[in-house]
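# Working through the structure, step by step
What follows is each chain in one-letter form.
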Amino acid sequence: MKPIIAPSILAADFANLQKEVEMLNQSEADWIHVDIMDGAFVPNISFGIPVTEAIHRYAQKPLDVHLMIERPEKYLEAFKKAGAEIISVHYEACQHLHRTLQQIKELGCKTGVAINPHTPVGLLSDVINEIDLVCVMSVNPGFGGQKFIENTYHKVRELRDIIQAKGAQTLIEIDGGVSTANAGKLMASGADVLVAGSFVFNAENPLQTIAGLKQTTDEKNV
Ligand code: DX5
Ligand code: ZN
């Protein structure tokens, strides 16, 4: 199975956002990953609702919105209105994760849960059937361009087993430090969706780089 590719717009040239979104429209990318940071849950601030809305105005692909914010339940409707198709909240930011997932569903969005590198995947076991997408953070959230954490492979395998055991349809997304150097091994471990920010936007040819990621095969099948 080929991976779903979700380039992270965080690494794009914000002064030319329309051009960058149009490039993604032309590319083999499947989704556009939109990183929202509040300066409280993570030690950085990215952008918010109006910029998401502006991306959506030009995007011809689903917006995969990753909320790295405290109290995400307060902003779900605003992000839905701004064009989010998938909304991921952080496990660590939700007091009542099950309730928040129902709220996302009621808005008509796909449900996502992101987990930090230190959070065991087993904690999602009792809500896995409510989750369309688990975003496994392979760096500490807050910044693009960080080094991939190797323990991620192990987490992906464990999560794959939980999904299978529970008969869930959940997709596994990997976010942080993804490149063609680790994409094959991630797919072989059970990943479905690859997010890539700096690897795509810092490349000389982002279109070709996205196409290269899309061609990733499970290393075990090579
Ligand atoms: C990190 C963000 C990531 C980031 C990925 O907090 O959630 O989506 O943009 O960027 P790279 O691919 O550069 O690690
Ligand atoms: Zn992200």
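Presented here is an overview of the structure given in this document. Within every chain, residues take consecutive numbers counted from 1 along the sequence as written. Here every chain gets a letter starting at A, and every ligand a number starting at 1, in the order they are written. Totals for whole chains, interfaces and linings use all residues, but because this is a predicted model, local features are given only for residues with pLDDT of at least 70 and pairs of side-chain atoms are given and counted only at 80 or more. Hydrogens and water molecules were not included; the side-chain quantities draw on all heavy atoms of the structure.

On to the nonpolar core, then. Of all hydrophobic cores here, the largest spans 57 residues; its most connected members are Ile9, Val34, Leu67 and Ile174. Secondary structure elements are defined from DSSP: runs of H or I of at least 4 residues count as helices, runs of E of at least 2 residues count as strands, and each element is numbered from the N terminus. Per element, the largest residue contribution to this core is 5 residues, and it comes from helix H5 (residues 152–165). Ala6, Trp31, Leu133 and Val193 belong to the second largest nonpolar core, which has 6 residues in total. Here, nonpolar core refers to any group of buried Ala, Val, Leu, Ile, Met, Phe, Trp, Tyr and Cys residues whose side-chain atoms link them within 4.5 Å. Burial status follows relative accessibility: with a 1.4 Å probe on protein chains alone, a residue under 20% of its type maximum counts as buried, one over 50% as exposed, and anything between as partly exposed.

This brings us to the packing of aromatic side chains. For Phe, Tyr and Trp, where Trp contributes only its six-membered ring, two rings pair if their centres lie within 6.5 Å, and the inter-plane angle classes them as stacked under 30 degrees, edge-to-face over 60, or tilted in between. If you walk through the whole model with that rule in mind, you get 2 aromatic pairs. Considering the side-chain rings of phenylalanine 14 and phenylalanine 47, the 5.6 Å spacing of their centres and the 85° angle between planes classify their relative orientation as edge-to-face. Within this pair, whereas phenylalanine 14 is found in the loop between strand E1 (4–7) and helix H1 (17–26), its partner phenylalanine 47 is found in the loop between strand E2 (32–37) and helix H2 (49–58), the two being separated by 33 residues in sequence. Taking relative accessible area as the criterion, phenylalanine 14 reaches 42% and is therefore assigned partly exposed. Arranged with centres 5.3 Å apart and planes meeting at 55°, the rings of phenylalanine 148 and tyrosine 153 form a pair that is tilted. The burial state of phenylalanine 148 is the same as that of tyrosine 153; both residues are buried.

Looking now at the pairing of strand E8 (residues 193–196). Across the two faces of E8 the burial is the same, with Val193 and Val195 and Leu194 and Ala196 all buried. Two strands are counted as paired when DSSP detects at least two bridges linking them. For strand E7 (residues 171–175) and E8, the ladder comprises 3 bridges, and the chain directions are parallel. The partner of aspartate 175 across the bridge, within E8, is valine 195. Orient the strands so they point away from the viewer; a crossover is then right-handed if the path from the first strand over the helix to the second runs clockwise. Once the chain exits E7 it traverses helix H6 (residues 180–189) before rejoining the sheet at E8, and the crossover so formed is right-handed.

For the rest of this paragraph, the subject is the pattern of salt bridges. Criterion for a salt bridge: a side-chain nitrogen of Lys or Arg within 4 Å of a carboxyl oxygen of Asp or Glu. Within this structure, the stated rule accounts for 6 salt bridges. Between aspartate 30 and lysine 214 there is a salt bridge whose closest N-O contact spans 2.9 Å. Note that aspartate 30 is positioned in the loop between H1 and E2 and lysine 214 in helix H8 (residues 206–214), a separation of 184 residues in sequence. Of the residues examined, aspartate 30 reaches a relative accessible area of 25% and is grouped as partly exposed. Under the relative-accessibility criterion, lysine 214 is labelled buried at 13%. Residue arginine 71 pairs with glutamate 73 through a salt bridge whose shortest N-O separation is 2.7 Å.

Near ligand 1 you find 20 residues, and of these Asp35, Gly142, Asp175, Gly197 and Ser198 are the closest. Identification of polar contacts relies on pairs of N or O atoms within 3.5 Å, with a donor-acceptor requirement for protein atoms, meaning one able to donate a hydrogen and the other able to accept it, and with residues adjacent in sequence counted only if both atoms are side-chain atoms. Interatomic distance of 2.8 Å between a backbone N/O atom of glycine 142 and an oxygen atom of ligand 1. Measuring from an oxygen atom of ligand 1, one finds a backbone N or O atom of glycine 197 at 2.7 Å. All accessible areas in this document rest on Shrake-Rupley with a 1.4 Å probe, and a residue is counted as covered only by the protein chains that are shown. For ligand 1, whose free accessible area comes to 380 Å², the fraction covered by protein is 99%. To be near a molecule or strand, a residue needs just one of its heavy atoms within 4 Å of it.

Six octahedral donors around a metal ideally subtend angles of 90 or 180 degrees, whereas four tetrahedral donors ideally subtend 109.5 degrees. At the metal site, the zinc ion (ligand 2) is ligated by His33 (NE2), Asp35 (OD), His66 (ND1) and Asp175 (OD), and these contacts range over 2.0 to 2.3 Å. Any nitrogen, oxygen or sulfur atom within 2.8 Å of a metal ion counts as a donor, with the limit raised to 3.2 Å for Na, K and Ca, and since water is left out, coordination shells can look unfinished. By the criteria applied here, four donors are tetrahedral when all angles lie between 85 and 135 degrees, four are square planar and six octahedral when opposite donors are over 155 degrees apart and every other angle lies between 65 and 115, and any other arrangement is irregular. Bound by 6 donor atoms, the zinc ion (ligand 2) shows angles of 70 to 171° at the metal and therefore octahedral coordination geometry. We note that the donor set of the zinc ion (ligand 2) lies within a single chain, spaced as H-x1-D-x30-H-x108-D. The same class applies to histidine 33 as to aspartate 35, namely buried.

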